[in-house]
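Okay, here's what each chain looks like letter by letter:
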Amino acid sequence: VLTKRIIPCLDVDAGRVVKGISFVELRDAGDPAELASVYDREGGDELVFLDITASSDSRDTMVDVVQRVSEEVFIPLTVGGGIRTVEDIRRMLKAGADKVSLNTAAVNNPPLISEGAFQFGNQCIVVAIDAKRVDPGIPRPDGPLADDRSLALDGNSRWEVFTRGGRTPTGIDAVKWAMRAVELGSGEILLTSMDEDGQKRGYDLELTRAVSQATPVPVIASGGAGNLEHLYEALEAGEADAVLAASIFHFGEYSIGEAKDYLNARGIPVRPGV
């Protein structure tokens, strides 16, 4: 039985961990290295570190912060935000990351997924997808991949891919894009519901299940955890392989140990917490 993973997420802006609601209204949640060390001790299975303004500000991920975080943790570390080239991927892996998360750059330059997977292995490449429910009334832009009509939104599309930290609609169908990303070499999909992000009313289970069923690689559900029941729902009904959570851990509502005990009691296979 494959054990399911609980992954705390550090969204970092200007060197501090922040948490927002649907990608805005950010509030400070602490020092990344300190929080990382707490999550490592508490039994987090992995850690995701996202430099959330690197793409929209067109700058590089903060290598020094990644190094500081990687020195504090002994669990796999995924780093994302502002990674645009194979050289950027190499720099992050050298700084201590185990995997890199590609979002905007993957959409703008899909061959980057294949190049990264070829150079460093599929297990190092995570494609992050920020998806929002399609509002049928809004005319859609042609996305960067619009020349590839097979990925475009159509009458059956339920979710659209957004880039640049949720700022830019692409006209790309999120489920189709997840399938393409895996074909190109992504070893994992980090799937965030922009509608539910920070709302604490649960993950978008329909979206999570749709992508989990469409792709053969692990899917990490992100966006919406407000209590431990939500984690259970994403893993069970959403068929996710892992759950990402931020607010419920950062502000001390639950510990990772409590989350694991809860899931264990509900019959979800997890590695023991601390």
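Residues numbered from 1 in each chain as written. Predicted model: local features only at pLDDT ≥ 70, side-chain atom pairs only at ≥ 80, totals over all residues. Heavy atoms only, no water.

- The protein chain appears in an unreviewed UniProt entry as imidazole glycerol-phosphate synthase from Geodia barretti.
- The record held by UniProt for the protein chain lists under Function (unreviewed entry) the comment "IGPS catalyzes the conversion of PRFAR and glutamine to IGP, AICAR and glutamate. The HisF subunit catalyzes the cyclization activity that produces IGP and AICAR from PRFAR using the ammonia provided by the HisH subunit."
- Recorded in UniProt for the protein chain, the comment headed Subunit (unreviewed entry) runs: "Heterodimer of HisH and HisF." (UniProt positions renumbered as here; feature names shortened; annotations may be inferred.)

**Focus: the packing of aromatic side chains**
Any aromatic ring pair is given by two values, namely how distant the centres are and how the planes are angled relative to each other.
Line of reasoning, step 1. Per the counting criterion, the structure on display carries 1 aromatic pair.
Line of reasoning, step 2. Seen from the ring of W159, R158 lies directly overhead, with NZ or CZ sitting 5.1 Å from the centre.
Line of reasoning, step 3. The aromatic ring of Y232 is capped on one face by R266, whose charged end is 3.8 Å from the ring centroid. (Phe/Tyr/Trp six-rings, centres within 6.5 Å; stacked < 30°, edge-to-face > 60°. Lys NZ or Arg CZ within 6 Å of the ring centre and 35° of its normal.)

**Comments concerning the pairing of strand 11 (residues 219–222)**
Line of reasoning, step 1. Because side chains alternate across strand 11, one face comprises the buried residues V219 and A221, and the other comprises I220 and S222, equally buried.
Line of reasoning, step 2. Where strand 10 (residues 188–193) lies against strand 11, 4 bridges are found, and the strand directions are parallel. Directly across from I189, in strand 11, lies its bridge partner V219.
Line of reasoning, step 3. Between strand 10 and its parallel partner strand 11, the chain crosses via helix 7 (residues 205–214), and the hand of that crossover is right-handed.
Line of reasoning, step 4. Bridge count for strand 11 against strand 12 (residues 242–245) is 2 bridges, and the pairing is parallel. Bridge pairing in strand 12 places A221 opposite V243.
Line of reasoning, step 5. Each parallel crossover has a hand, and for strand 11 linked through helix 8 (residues 228–236) to strand 12 it is right-handed. (Buried < 20%, exposed > 50% of the residue type's maximum accessible area, 1.4 Å probe, protein only. Helix = DSSP H or I, 4+ residues; strand = E, 2+ residues; numbered from the N terminus. Pairing = 2+ DSSP bridges. Right-handed = clockwise from strand over helix to strand, strands pointing away.)

**Structural notes on helix 10 (residues 256–265)**
Structural remark: α-helix, 3.6 residues per turn; residues separated by three or four positions point the same way.
Line of reasoning, step 1. Within helix 10, burial applies to I256, G257, A259, K260 and L263. Buried residues along helix 10 cover an arc of 160° about the axis, so they all sit on one side. Exposed residues lying more than 90 degrees from the buried face of helix 10 are D261 and A265.
Line of reasoning, step 2. Summarising the contacts, the buried residues of helix 10 are in contact with strand 1 (5–13), helix 1 (32–42), helix 8 and helix 9 (247–250). (Arc of directions from axis to C-beta. Contact = heavy atoms within 4.5 Å.)

**Side note on the pattern of salt bridges**
Line of reasoning, step 1. Applying the stated criterion across every chain yields a total of 17 salt bridges.
Line of reasoning, step 2. As a salt-bridge pair, E188 and K99 come within 2.9 Å of each other at their nearest N and O atoms. Of the two residues, E188 is situated in strand 10 and K99 in strand 6 (residues 99–102); the sequence distance between them amounts to 89 residues.
Line of reasoning, step 3. For E188, a relative accessible area of 5% corresponds to the buried category.
Line of reasoning, step 4. Relative accessible area serves as the criterion here: at 9%, K99 is assigned to the buried category. (Salt bridge = Lys/Arg side-chain N within 4 Å of Asp/Glu carboxyl O.)

**Describing the side chain of S101**
Line of reasoning, step 1. Within the element layout of this structure, S101 appears in strand 6.
Line of reasoning, step 2. For S101, a relative accessible area of 5% corresponds to the buried category.
Line of reasoning, step 3. Not counting the four nearest positions on each side in its chain, S101 is found in contact with L50, T78, V79, G80, G81, I83, V126, A128 and L190.

**Quick word on the side chain of S70**
Line of reasoning, step 1. Assignment of secondary structure puts S70 in helix 2 (residues 63–72).
Line of reasoning, step 2. Here Q67 takes part through its backbone oxygen, which lies 3.1 Å from a polar atom of the side chain of S70.
Line of reasoning, step 3. Setting aside residues no more than four positions away along its own chain, S70 makes contact with L77, A95 and G96. (Polar contact = N/O pair within 3.5 Å; in protein donor to acceptor, adjacent residues only side chain to side chain.)

**Let's talk about the environment of I113**
Line of reasoning, step 1. Turning to its location among the elements, I113 is positioned in helix 5 (residues 111–120).
Line of reasoning, step 2. Residue I113 is classed as buried on the basis of its relative accessible area, which comes to 0%.
Line of reasoning, step 3. For the pair I113 and A181, spaced 68 residues apart in sequence, the C-alpha to C-alpha distance is 7.2 Å.
Line of reasoning, step 4. Those residues in contact with I113, other than ones at most four positions away along the chain, are L102, A106, I125, V127, W177, A181, L184, G185 and S186.

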